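Per-entry structural report
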Amino acid sequence: MPIYETLSDRLTVVLDIGAAYTKFGFSGEYAPRCIIRSEVRCKKTNQVRRIFDFKDEQDLYDLLVDFIHTLYFKYALFSPKDKPIVVVESLLSPTLFRETLAKVLFVHYEISMMLIVPSHLVSLSTLGAETALVLDVGYIEAVAIPVCFGLPVIHAWQALPLGAQAIHNNLRTLLSSENTGINQLPETVIEDIKVRCCFVTKQKRAEQFNLAKPDITFAPEVKYPIGGSDIITISGKVREKVYEILYDEDNDHLSLSTMILDAILKVDMHLRNQLAENILLIGGSVMAPGFKARLKDELHKQLKYERYKKLRIKTFKFHSPPCKENYAAWLGGGIYGATEVLGMKALTREKYFLENRLPDWPNMRDNRTL
Amino acid sequence: MSYIVSPDVVKYACTCGLLKPISCLYFCRYCCELRCGFCVCHEVDSHFCGKCCENLPSSEARLKKNRCGNCYICPCCQQELSTRIGSKGPSNPEDPKSTPKKMYYLSCLYCRWSSRDVGIPDQGAATGGWPERENVHANRLQEVIEGYKAFITAQRQQKEREKKKQRGKFISYTDRTGVTAAALRKRIGLPAEVPNTYYRNRPKPPEVAIAREEVEDFPEDLLTKALNLMEITTIDQRLLQPDLQPTTVDKLFPIHKQLSIKRSLRCRSCEHNVSKPEYNPNSVKFKIQLFAYYHIPEVRIVTVEPLRAGKTAELILKFTNPTQHQTVITFLPLDLTDKGGDGDREVVGETQSLNLPEKQPPSLGGQPSSLLSLSSRQPSITIKPRPIRQATNCSIAIPGSKVILPPRDDAAEYDDSGETHNIQDDTKLVVWRKSNKAFVKLAVTPDDGLELNTEIVAGFTMQHIYTNTIATTVENKEPDRHDHNVRVFLSLGNLVGSE
Ligand SMILES: [Zn+2]
Ligand SMILES: [Zn+2]
Ligand SMILES: [Zn+2]
Ligand SMILES: [Zn+2]
């Protein structure tokens, strides 16, 4: 019996390790079993360490061993040995990270086979679509990659350090100007303030922010309790302004909206309108209230500029995936993992030890149709 | 037993190269090697609910998505919810004599959240019937998954057919590299208009979702209404229910409690268990517990004189023999290059250039019964030990004489007669002994030129005679005794200034 026929009733783990949050669950299920912070508690110092703050390869190996142990024995509750895994990964994931992860999975946890799928591509499977522009706003960066007929157009990719990390830093700065002791607050508190109090404001209001005398009343302020004794004030101005860094153009006139348009510009003429009418937004940061409405307004605003007039785009259309955006890529991996692709394309343990290398996306030899 | 949690001043080097206190180490009696949580293979042994202690077979646990059907946790604070009796109205309003009917609701005793807060009706039965919520996208997702499955299966069958057709024929360059012309067209951004049979015959992928121009409207409320923080969920509360991620507290619903597991640990070299718990969740005992604490002499620091750079200080260590057999301790200088055991075994190291070990799957003969059920199990890969990273900055004068440790005798603890086993000790080395314990005096010298307050670490190799009772076969009545070396590291405290 071919191996892929026995796989269908096997439990296949789907893993998406993000810079801030890790999505973990089983293929064929509609949502991940858990979304947890990508961090482990160091046994020696008892301090919480982020996986992506690793010092060197050995350090990353040890962090991943601890982290994956937690995933399997606290959440999945089954032994990883001789079981397959689907890893969802960004096309821009650093080589050191992907190779160390493969080493941990194959050598330490002795998994039977691993299928690495690119996050931008597999997110599309949640829509059943083959062509779309995918914008992933994660923790460290925002990455836009057009996918045409099931293949990521890698040369058109756009990335900017506009993600949750930048928002958190901005929030800290804004709060510090009105309160004291903000710099001592851990990032989890900053994140909580962002998630519960802040939102993406409307374009018309944002235009007023830069005027000398803004003609608007800011949203009501929020009293936010810190540690049960202190209270800090989060003014309406902070609540509205914190997300503006995503849309303010930097010195090179780059922002979230220009990323999308620049990515479309790099694709063949025939496909441009189709991409503009198939935009998929994924990543935790796009779930902020008002995010999508604002992005749409910004895109239309950019169209008026000379740089994008030649695109001749009239409308932008957005997909709403059948899930929460922060696990859309995971869900895509889960859909792939439920099919026979696993048996056909996965890297087996035997092959891993034989070839001692991983398939790489830009590598033609490995880039067969997924 | 406070030393288990206290700072680890005495560490043993595990075979894998990590340093651990003896309470964290295992001793595989089959390999005669130390093992630790890092270098053994962890396996899930049994699933159980930590609240109601129900044991679930793994297939049932999988079906229930690793959650207990009866126990719930609080969606606010993750504590366990208790079932409470609510209203007690008569079951039949017309007949006041009918027995009162109990109604139940769930309540958190920790944060006062209750199922009534979110409008879940009270239930007539204490054991549940609580409403379960389905993923709102379930139908669409089912369709997508089924569609992809069929699509990929057809693709594979098509490829197999093509392979059969092409067999023996000339293989074109593009096929050999795995890039079909159609794929190449796509790669360079051309539309795949190729009227290829491959594309015509494939089944339809799931219906494509329609993108819309309209997006979620900006929530105007945010600009005018004051925000009540108590109504907004935190990110942790949201992520507790990944498919729903409720943003307001009125959408928090009780969550089935996640199951716990018992783990067994298996030596990766010989596939024997070094730890296996009893199946019953109420039992904290083990079927197999090869803890190093029961097999390797324990070293503890008793006293150490103040340490000064270049000056010799007196160190008193206590050695305890935990086994039922007499042992002899020999001191050897620390050898960090020593790779320990596993020498003749194929190992996978940093380079990973070696093939998988060609071990045979466990056969029925001569294997412990615990392996019989695991016929599909592949043999483990042995990982090359790491070099020990701990540096020492203090020398120990290695004594020439040996220390004999009598076997452990639980009764001797209550014996004050001071019976001495008639051991001829080197009095310069052994300062005091009682039953299976001995106090040993050593001279340590911190390296010259160390700065004040430097942490002083010394190390030595402890050779002890290990009596293996497992290897004793019927024809060989003599227990197998042989030397076993353990590298021990002592954190002796910080360097102090001159007198
Ligand atoms: Zn070890
Ligand atoms: Zn239970
Ligand atoms: Zn609670
Ligand atoms: Zn062993």
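Here the residue numbering is sequential within each chain, running from 1 through the sequence in written order. Written order decides the labels, with chains lettered from A and ligands numbered from 1. With the structure being a predicted model, the display of local features is reserved for residues of pLDDT at least 70 and the display and counting of side-chain atom pairs for 80 or more, all residues being used for whole-chain, interface and lining totals. With hydrogens and water excluded, all non-hydrogen atoms of the structure serve as input to the side-chain values.

Going by an unreviewed UniProt entry, chain B carries the name Dynactin subunit 4 and comes from Tribolium castaneum. UniProt positions are given in the numbering used here, feature names are shortened, and annotations may be inferred rather than shown by experiment. Per UniProt, chain B has the following entry under Sequence similarities (unreviewed entry): "Belongs to the dynactin subunit 4 family."

Under an unreviewed UniProt entry, chain A has the name Actin-57B-like Protein and belongs to Tribolium castaneum. Quoted verbatim from the Sequence similarities (unreviewed entry) heading of the UniProt record, the comment on chain A is "Belongs to the actin family."

Residues and elements named next belong to chain B. Around the zinc ion (ligand 1), the protein contributes the donor atoms Cys14 (SG), Cys16 (SG), Cys36 (SG) and Cys39 (SG), at 2.2 to 2.3 Å from the metal centre. A donor here means an N, O or S atom no more than 2.8 Å from the metal, or no more than 3.2 Å when the metal is Na, K or Ca. Since water is not included, a site may seem to lack partners. Under this scheme a four-donor centre is tetrahedral when all angles range from 85 to 135 degrees, a four-donor centre is square planar and a six-donor centre octahedral when opposite donors are above 155 degrees with the rest from 65 to 115, and any other centre is irregular. Around the zinc ion (ligand 1) sit four donor atoms, and with donor-metal-donor angles ranging over 105 to 112° the site reads as tetrahedral. Read in sequence order, the donor residues for the zinc ion (ligand 1) give the motif C-x1-C-x19-C-x2-C.

A few words now on the packing of aromatic side chains. One pair of aromatic rings is described through two measures. These are the centre distance and the angle between the planes. Side-chain rings of Phe, Tyr and Trp (the six-membered ring for Trp) are treated as a pair once their centres are within 6.5 Å; stacked means planes under 30 degrees apart, edge-to-face means over 60, and tilted covers the remaining angles. Summed over all chains, the structure comprises 19 aromatic pairs over all chains. For the pair A:Phe209 and A:Phe218, a centre-to-centre distance of 5.5 Å together with 25° between the ring planes defines the contact as stacked. Three or more aromatic residues link up through ring pairs in this structure, and these residues are A:Phe24, A:Phe26, A:Tyr72, A:Phe78 and A:Tyr109. Sitting over a ring, as applied to charges here, requires NZ of Lys or CZ of Arg to be within 6 Å of the ring centre and within 35 degrees of the ring normal. Sitting above the plane of the A:Tyr247 ring, A:Arg294 keeps its charged end 4.6 Å from the centroid. The aromatic ring of B:Tyr105 is capped on one face by B:Arg116, whose charged end is 4.0 Å from the ring centroid.

Domain assignment breaks chain A into domain 1 (5–123 + 325–366), domain 2 (127–162 + 250–309) and domain 3 (164–245). Boundary definitions for the domains trace back to an automatic or database domain assignment. A straight line from the C-alpha centre of domain 1 of chain A to that of domain 3 of chain A covers 35 Å.

Here a salt bridge means any side-chain nitrogen of Lys or Arg lying within 4 Å of a carboxyl oxygen belonging to Asp or Glu. Per the counting criterion, the structure on display carries 33 salt bridges over all chains. The salt bridge involving B:Glu220 is made with A:Lys202; its shortest N-O contact spans 2.4 Å. On the criterion of chain membership, the pair formed by B:Glu220 in the loop between helix 5 (197–201) and helix 6 (221–224) and A:Lys202 in the loop between helix 6 (187–197) and helix 7 (203–209) is interchain, its members lying in two chains. Any residue under 20% of the maximum accessible area for its type is buried, any over 50% is exposed, and the rest in between are partly exposed; the area is computed with a 1.4 Å probe on protein chains only. What makes A:Lys202 partly exposed here is its relative accessible area of 31%. A salt bridge links A:Glu340 to B:Arg156; the shortest N-O distance between them is 2.3 Å. With A:Glu340 in the loop between helix 13 (328–337) and helix 14 (341–345) and B:Arg156 in helix 2 (residues 138–166), this residue pair bridges two chains. For the purposes of this entry, the term helix denotes a DSSP run of H or I that reaches at least four residues, the term strand denotes a run of E that reaches at least two, and both are numbered from the N terminus.

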